[in-house]
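The primary structure of each chain is shown beneath.
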Amino acid sequence: MELYDAMKSLRAVRRLRPDPIPDDVLRRVLEAATWAPSGGNVQPWRIVVVREREKKATLGTLYAERWKAYSQVHRARLANASEEIRASSERMASAGDYLAEHFADTPAVLVHCFNPGALAVTDAKQDRLSVVGGASLYPAVQNLLLACRNEGLGCVLTTLLCEVESEVRALLGIPDPWYTDAMIPIGYPVGRGHGPISRRPLEKMVFAESWGESL
Ligand SMILES: Cc1cc2nc3c(=O)[nH]c(=O)nc-3n(C[C@H](O)[C@H](O)[C@H](O)COP(=O)(O)O)c2cc1C
């Protein structure tokens, strides 16, 4: 695919078919992750590819509990939103319900893991939430998502299972000092899959020289 087309149509795809992913396709997607940059080129992440049905079912049970709690709060928060926002959020929520119900049917769940001691964390001493460590992790995830898009695979970056990280680590035998930062279910889409996205325009997101100055 043309790169910009892939980027601007990389939306969350939560309805995935159970059809297996050919090994060579999966390998290309995983290799794309390995090309990502990281602080000091330490590459402080690993991926566990989960395809065994029992493991996916256990992850799915854990995921569905988290999703139920999240989506209840999300739906309640939207009660007073405009009709348009409620309709699009409801579409997202019902796709989320589908993923939660079909987690075990997803052909592969990629569990992205990281080693906190190996991260370059240049904002560690700031008096606010530290985020720079994640910059050595999520470029690999984004590469992987774009590669899925290129291969015609649906995918969605999820993090809800990080709330039950110890259970996920025990299930997959993830040793110290490795933890989890994302779980990416992938598979061929049930419907159209990736497509148009809704994002704020560049003018709202980018400034020239000083904060607030339009480009
Ligand atoms: C850090 C992060 C965490 C996310 N966690 C979840 C998740 O746990 N479950 C889920 O269904 N989607 C999750 N998403 C997907 C977002 O909900 C989705 O990208 C966003 O709503 C935009 O939707 P779109 O890409 O379809 O336009 C996550 C995305 C990001 C970037």
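Everything in this summary refers to the structure shown in the same document. (Residues numbered from 1 in each chain as written. Predicted model: local features only at pLDDT ≥ 70, side-chain atom pairs only at ≥ 80, totals over all residues. Heavy atoms only, no water.)

### Brief notes about the nonpolar core
Reasoning step 1: Grouped together as the largest cluster of nonpolar side chains are 28 residues, with contacts concentrated most on Ile21, Leu153, Ile184 and Ile186.
Reasoning step 2: When residues of this core are traced back to their parent elements, those giving at least two are helix 2 (23–34), strand 2 (108–114), helix 5 (138–151) and strand 4 (179–187).
Reasoning step 3: In terms of residue count, helix 5 provides more of this core than any other element does, 7 residues in total.
Reasoning step 4: Apart from the residues within four sequence positions on either side, Leu153 is in contact with Ile21, Val25, Val29, Cys148, Ile186, Gly187, Tyr188, Pro189 and His194. (Core = buried A, V, L, I, M, F, W, Y, C linked by side-chain atoms within 4.5 Å. Buried < 20%, exposed > 50% of the residue type's maximum accessible area, 1.4 Å probe, protein only. Helix = DSSP H or I, 4+ residues; strand = E, 2+ residues; numbered from the N terminus. Contact = heavy atoms within 4.5 Å.)

### Considering the sheet that holds strand 2
Strand pairing in a sheet relies on backbone hydrogen bonds, with the paired strands running either antiparallel or parallel.
Reasoning step 1: Strand order in this open sheet of 4 strands is 1-2-4-3, and the pairing throughout is antiparallel. Because the sheet does not close on itself, it has two edges, and the strands there are strand 1 (45–50) and strand 3 (154–155).
Reasoning step 2: In the sheet, strand 2 pairs with strand 4 via 7 bridges, with the strands oriented antiparallel. Across the sheet, residue Ala108 finds its bridge partner in strand 4, namely Ile186.
Reasoning step 3: Its contacts with the sheet put helix 6 (residues 165–172) on strand 1, strand 2 and strand 4, and the angle it makes with strand 4 is roughly 70°. (Pairing = 2+ DSSP bridges. Axes fitted to C-alpha atoms, helices over the stretch in contact; angles between N-to-C directions.)

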